[in-house]
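Listed below are the residues making up each chain.
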Amino acid sequence: MHRRAFLPQIIFCFFFYFLNGIIYSQLTGRMPALKAHANVDEAGVGLALMSLGMGSLVGFTTIGLLFKKLQSRTILSVSAYVCLALFLATTLADSLVTLCLNFALIGLFFAYYDVTMNTQIINLELASGGQYMLRMHAGFNVGSLTGSVCASLFAFAGVGISGNFTAVALFFILPCVVGSRQLLNDIIPEEVARNRAKRKGHARIPLFVLFCGLMALCAYTIEGAVGEWGGLVMHQTKNATEGLAALVYGTYSLVTAIVRFNGDRLRAYFGDFRVVLFGGFFAFAGMSTVIFASDPYVTLGGYALTGVGLSSLVPLLLSRVGHRPDIAPSTAASVVSLFGFGGMLVIPPSLGFLARRFGLEEAMFLPLFLICLVIAGSFVFRFARR
């Protein structure tokens, strides 16, 4: 079938990635207002974010049970509506308990949302014969940047979180309704279907899928180190102003979006092995610059170069495992997401202990080491079957 026949699916799959970025960046961008509204301190905010992470882990480990009964299009549609409702309900959180409960539920449905979004793109690639994963993931980056700007404008205008979140939620309800009708039914590889018919659908996960999960763990961990520690590295060790330090993750997200928009063409031209290998070299050069440079603007450029190198990795991994004939796309996406998010939840916070023991700059040698593992792991793609 001609790829233009899938244009509505392409548009609305991009929309769902975009919406995910909007919600996440609105929550983080208005965190000071949420903190004041719920009457919690910094420790309370930390507990709320921990609740978000724990809820996500529960979601990633239970999504397989839902896939036994429901299509990804159904789970994604319901998750989108629930995430919007929980986003709006955040304005009702007036204590630490209610804020943590709300964030835990958001994390749970964010996980369902994430896995089913990726499954839908795999369905789209299998049905159309095209490659879209990287461009769709760019939608999250664009949504994050848009949501951050909108949160800033609402804050500068003096609009409280109730007015802010209500306006955003109402604006996106209709696109969710329309987009839900354009999602695809799940495509099950013939080998997986035969195994299920023989009641072998619970067979072991292929080693290559586990390997891709470990590569995703490295990628998410490095991104978490940039997002959670980049500003502190800039401000405390490079003598950057708070305003310049605040640009770290925004710069990283911007270059990530730009590369992802062109990433599928790069994959088609260079192949997965070269994209991962040379991306690893770019990331190594960028993180080395972060560690050894003394000028804050050069350091910011190092973070940008790291984003260029790592931008293609996670979408590429999801696309590769989703095309395998020996595992259901939904299961493959769940495994990679679980590994990746689990690493981001555990390892970046542990950098604080390394920083206290050895220094903040020295702690960044951990993500640099993980980049070396990505470079070494790229050679697996040279021989792995598609």
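Everything here concerns the structure above.
The structure displayed is predicted, hence computed values, not measured ones.

Structural notes on the packing of helix α1 (residues 7-29) against helix α6 (residues 133-156)
In contact at an axis separation of 6 Å, α1 and α6 are set at 35 degrees when each is read in the N-to-C sense. Relative to α6, the crossing made by α1 is right-handed. For the contact of α1 with α6, the class distribution of residues is 14 nonpolar, 12 polar and 1 charged.

Comments concerning helix α17 (residues 365-377)
Taking 1.5 Å per residue, 13 residues should reach 18 Å; α17 reaches 18 Å between its end C-alpha atoms and fits that length. Buried within α17 we find Pro367, Leu368, Leu370, Ile371, Val374, Ile375 and Gly377.

Topic: the side chain of Ser378
Mapping Ser378 onto the fold places it in the segment after α17. The residues contacting Ser378, other than those within four sequence positions of it, are Met215, Phe273, Val276 and Leu277.

A word on the nonpolar core
Formed by 110 residues in total, the largest nonpolar core has its most connected members in Phe16, Met287 and Phe381. For Phe381, the contacting residues outside a window of four places in its chain are Phe208, Phe211, Cys212, Met215, Phe273, Val276, Leu316, Leu317 and Arg320.

Thoughts on the environment of Phe383
Locating Phe383 in the fold gives a position in the segment after α17. Among the residues examined, Phe383 registers a relative accessible area of 68% and is labelled exposed. Here the alpha-carbon distance between Phe383 and Gly213, two residues 170 residues apart in the chain, equals 17 Å.

Rules used in this analysis
Residues numbered from 1 in each chain as written. Predicted model: local features only at pLDDT ≥ 70, side-chain atom pairs only at ≥ 80, totals over all residues. Heavy atoms only, no water. Axes fitted to C-alpha atoms, helices over the stretch in contact; angles between N-to-C directions. Helix = DSSP H or I, 4+ residues; strand = E, 2+ residues; numbered from the N terminus. Left-handed = near helix turned anticlockwise from the far one by under 90°. Nonpolar A, V, L, I, M, F, W, Y, C, P; charged D, E, K, R; others polar. Expected span 1.5 Å × (residues − 1). Buried < 20%, exposed > 50% of the residue type's maximum accessible area, 1.4 Å probe, protein only. Contact = heavy atoms within 4.5 Å. Core = buried A, V, L, I, M, F, W, Y, C linked by side-chain atoms within 4.5 Å.

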